[in-house]
Amino acid sequence: MTSSPTPDALLGPADIRELAAALGVRPTKQRGQNFVIDANTVRRIVRTAQVRPDDVVVEVGPGLGSLTLALLEAADRVTAVEIDDVLAGALPATITARMPERADRFALVHSDAMHVTELPGPAPTALVANLPYNVAVPVLLHMLDTFPTIERTLVMVQAEVADRLAAPPGSKVYGVPSVKANWYAEVKRAGSIGRKVFWPAPNVDSGLVSLVRRSEPLKTTASKREVFAVVDAAFAQRRKTLRAALSGWAGSAAAAEEALVAAGISPQARGESLTVEEFARIAEHKANPHQEKETA
C-alpha cells in the first residue's frame, strides 16, 4: 500500500510563481491560461467531482499542475493533456518532485485536446479540468464524444459559459452548447469560483459544471450529426420561428413546416424552447420523411 501524499504536496501561490519564473512562463491570453493558485480550491473541485479511488481521470490543460496533484491524491490514475510545449515538458518533473509515491500513476499527453483520439493506459472514467476559456465548449464536447467511458465530468469554465451549458429550455441563455451537452449528459451548475484563486486574476467569474453521462443514449433513429445540424440551424437565427430558421436545413419553409408538424412541434416555436429529444424528432423526420407512412 502506498503512503499518503504529504500535506504540502499541493501548489500554493508562491510555488506557482516560483515554478513559472523558473520556466520563463507567462500565462497567455491566446491560450486562455489562468492558473489556480489556491490548494483549497483544487481540493474542492476534486470533492465536487466525486473522484473515487478507482477512477481513471483525464485532465485537459493542467498548466503547472495545481489540479493534477489534487487529482492524484484521490484517483487511481491521472492522464493530463497539455498543448503548451514548456508546460508539458515540466509537468512530469513537478509530479515526481512533489508526489513521488504517485508518479507512476501519472501520464502526460502532449497534444491539442481537440485532436486527441486515444489515451494511454486504462480507459478514462472521469474528466476533471479547468478548461481554457476560449475553447471550453468544443473541447468538452470533443472529449465526451471521443471517450464514451467518461461517466462523470466536472469542468471549471467562465461563469457565462457555465450558465449556458446548464441552461434549461426556455432560458434566455439556452442555446447550442446547452442542447449538445444534453445529448451526452445530465448537466447542472455545481458551484462558483471567485477570481482571486487564479493567477493572473481573470476579468470574469468562473463556474463549475457537472455532467453525468446518460445511462442510456438518447433514443432516436437520427444520428448525432443529423440532430446537431438541426440544432445549429435553429440557433443560427434564434429570433426566427423554427419554420423560418429551418428552411435552409429542410430545403424550404414548407418542408421545414412539414418536418415540424410531423415531429409534433409548432412551426411558430423557437429553438430556445425545445429539448434535445424534440430536436432529435425533427431530425428523424428529415432522415426518414416517410416514417409515418411506414409505421402507420
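About the cut-offs
- Residues numbered from 1 in each chain as written.
- Predicted model: local features only at pLDDT ≥ 70, side-chain atom pairs only at ≥ 80, totals over all residues.
- Heavy atoms only, no water.
- 1 Å grid on protein atoms, 1.4 Å probe; cavity = no way out; pocket = protein on both sides within 12 Å on 5 of 7 lines; lining within 4 Å.
- Points joined across faces, edges and corners; volume = space filled by probe spheres on them.
- Helix = DSSP H or I, 4+ residues; strand = E, 2+ residues; numbered from the N terminus.
- Pairing = 2+ DSSP bridges.
- Axes fitted to C-alpha atoms, helices over the stretch in contact; angles between N-to-C directions.
- Contact = heavy atoms within 4.5 Å.
- Buried < 20%, exposed > 50% of the residue type's maximum accessible area, 1.4 Å probe, protein only.
- Arc of directions from axis to C-beta.
- Right-handed = clockwise from strand over helix to strand, strands pointing away.
- Core = buried A, V, L, I, M, F, W, Y, C linked by side-chain atoms within 4.5 Å.
- Salt bridge = Lys/Arg side-chain N within 4 Å of Asp/Glu carboxyl O.

Peer 1: Teacher, can you tell me more about empty space enclosed by the protein here?
Peer 2: A probe as big as a water molecule, rolled over the atoms, marks out the empty space that is left. Going through the model one piece at a time under the given rule, you end up with 1 cavity of 30 Å³ or more. Approximately 40 Å³ is the volume attributed to the largest cavity. Along the walls of the largest cavity sit Val 56, Val 57, Val 58, Arg 77, Thr 79, Leu 119, Pro 120, Gly 121, Pro 122 and Pro 124, which together make up its complete lining. Elements represented by at least two residues in the lining of the largest cavity include exactly β2 (56-60) and β3 (77-82). A total of 3 residues in the lining of the largest cavity trace back to one element, the largest contributor, which is β2.

Peer 1: Which parts of the structure should I look at to understand the sheet that holds β2?
Peer 2: Two pairing modes exist for strands in a sheet, parallel and antiparallel, and in both the strands are linked by backbone hydrogen bonds. Spatially, 7 strands are ordered β4-β3-β2-β5-β6-β9-β7 in an open sheet, and the strand pairing comes out mixed. Looking at the sheet topology across the chains shown, the edges are occupied by β4 (106-110) and β7 (185-193). Strand-to-strand twist of the sheet, defined as the mean angle between neighbouring strand axes without regard to direction, takes the value 20°. For strand β6 (residues 152-158) and strand β9 (residues 206-213), the ladder comprises 7 bridges, and the chain directions are antiparallel. Directly across from Val 155, in β9, lies its bridge partner Val 209. Against the sheet, helix α2 (residues 39-48) engages β5 (126-130), β6, β7 and β9, with an angle of about 155° to β7.

Peer 1: Mind showing me how you'd approach helix α11 (residues 253-262) here?
Peer 2: One full turn of an α-helix is made of 3.6 residues, so residues set three or four places apart face in the same direction. Residues of α11 that are buried: Ala 256, Ala 259 and Leu 260. Down the axis of α11, the buried side of the element spans an arc of 100°, and every buried residue falls inside it. Among the exposed residues of α11, those pointing more than 90 degrees away from its buried face are Glu 258 and Val 261. Gly 264 sits one or two positions beyond α11 and adopts a positive phi of about 75°.

Peer 1: Is there a simple way to think about the pairing of β2 in this case?
Peer 2: Looking along a regular strand, one sees the side chains alternate between the two faces of the sheet. Counting buried positions over the 5 residues of β2 gives 5, a clear majority of the element. Burial of the side chains of β2 extends over both faces: Val 56, Val 58 and Val 60 are buried on one face and Val 57 and Glu 59 on the other. When β2 meets β3, the two strands line up parallel, connected through 5 bridges. Residue pairing for β3: Val 60 is matched across the bridge by Val 81. Handedness of the crossover joining β2 and β3 through helix α3 (residues 66-74) is recorded here as right-handed. Here β2 runs beside β5; their pairing, made up of 2 bridges, is parallel. Note that in β5 the partner of Val 58 across the bridge is Leu 127.

Peer 1: Would you mind showing me how to read helix α5 (residues 136-146) here?
Peer 2: Here α5 lies mainly inside the structure; 8 of its 11 residues are buried. Considered for burial, the residues of α5 that qualify are Ala 136, Val 137, Val 139, Leu 140, Leu 141, His 142, Met 143 and Leu 144. Buried-residue contacts for α5 involve β2, β5, β6, α6 (159-166), α7 (176-184) and β9.

Peer 1: Is there a simple way to explain the nonpolar core in this structure?
Peer 2: One broad trend across soluble globular proteins is that nonpolar side chains are buried collectively. Leu 131, Leu 211, Val 227, Leu 246, Phe 279 and Ile 282 are the most contacted members of the largest nonpolar core, which has 58 residues in total. Non-local contacts of Leu 131, meaning those with residues more than four positions away in its chain, are made with Val 60, Ala 136, Val 139, Leu 140, Val 155, Met 156 and Val 157. Leu 11, Leu 64, Ala 80 and Phe 106 belong to the second largest nonpolar core, which has 39 residues in total.

Peer 1: Quick question: what am I supposed to make of the pattern of salt bridges here?
Peer 2: Any two side chains of opposite charge can pair, on the condition that their charged atoms come close. Evaluation of the coordinates by the stated rule reveals 16 salt bridges. Asp 76 is paired through a salt bridge with Arg 77; the nearest N and O atoms lie 3.7 Å apart. What makes Asp 76 partly exposed here is its relative accessible area of 23%. The closest approach of N and O atoms between Glu 277 and Arg 214, which form a salt bridge, is 3.4 Å. Taken together, the residues Glu 277 in helix α12 (residues 276-287) and Arg 214 in the loop between β9 and α8 (224-236) connect sequence positions 63 residues apart. A residue is classified by how much of its surface remains accessible, and Glu 277, at 37% relative accessible area, is partly exposed. Arg 214 sits in the buried class, given a relative accessible area of 17%. Sharing partners across several salt bridges, the network here consists of Arg 52, Asp 54 and Glu 151.

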